[in-house]
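Each chain, letter by letter, is given below.
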Amino acid sequence: TRAGRDEDLFFPATLGTRQRILAGIFALGLGVAVPFALSVFLVATTSDPLFVIFPLPFLGLMWTLQGLAPAGYTLEARGIRLERRWLSRRLPYSAIRAVDRTPRPIGGLLALGLNGLFGSHGLRWNPRSGLHYLAITNTSDLVYLETSRGLVVISPTKPDDLVTALRARLPAARGGEAPC
């Protein structure tokens, strides 16, 4: 659900250069082209039409990875929505303590999410920054949200615009309290 109301602001999350290369080589090359070419080869050499469906699991995996990848971030009336093609999540403004762009160490152990092809999302643990949640598509436009449940890292295409808009919405969600 992308920015359905007039007051909702949508900030897309586009893939960074490294992620585009990974997605292009691995997703399109190894995930689609190689299984398709192998299926054509197997059908031609064995004459068994069963090999026509060989690429389908690989296509399904690419479709699933793309569907769970971060697509953007919507500032809604009650919170920021971490958009994905499927299973988007809303983080209420009342849970956000601070927002900034100060670089921190992210990633590391306990990678319970997916990395690489279409971005990184899921829980991570790093000895210096502790437990944090990633919903990023590139590593250069990071925005850090300090929440009541820990650090959330996002990567909108225009990070400074998101930070400004989000800070403007935080006081209203906290009943007039000054933004952090």
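Our subject in this report is the structure included herewith.

Criteria and thresholds
Residues numbered from 1 in each chain as written. Predicted model: local features only at pLDDT ≥ 70, side-chain atom pairs only at ≥ 80, totals over all residues. Heavy atoms only, no water. Phe/Tyr/Trp six-rings, centres within 6.5 Å; stacked < 30°, edge-to-face > 60°. Buried < 20%, exposed > 50% of the residue type's maximum accessible area, 1.4 Å probe, protein only. Helix = DSSP H or I, 4+ residues; strand = E, 2+ residues; numbered from the N terminus. Lys NZ or Arg CZ within 6 Å of the ring centre and 35° of its normal. Expected span 1.5 Å × (residues − 1).

Considering the packing of aromatic side chains
All chains considered together, the criterion is met by two aromatic pairs. Pairing Phe54 with Phe58 gives two aromatic rings, centres 5.6 Å apart and planes at 55°, and the pair type is tilted. The exposure class of Phe54 is partly exposed, given its relative accessible area of 29%. Given the relative accessible area of 33%, Phe58 is considered partly exposed. Where Trp63 meets Trp86, the ring centres are 4.8 Å apart and the plane angle is 75°; that geometry is what we call edge-to-face. Here Trp63, found in helix α2 (residues 56–68), pairs with Trp86, found in the loop between β3 (79–84) and β4 (89–92); they are 23 residues apart in sequence, far enough to count as distant. One residue, Arg89, lies across the ring of Tyr133, its end atom 4.9 Å from the ring centre.

Digging into α2
Spacing of three or four residues puts side chains on the same side of an α-helix, whose turn is 3.6 residues. An ideal rise of 1.5 Å per residue puts 18 Å on 13 residues; α2 measures up with 18 Å between its terminal C-alpha atoms. Among the residues of α2, those classed as buried are Met62, Leu65, Gly67 and Leu68.

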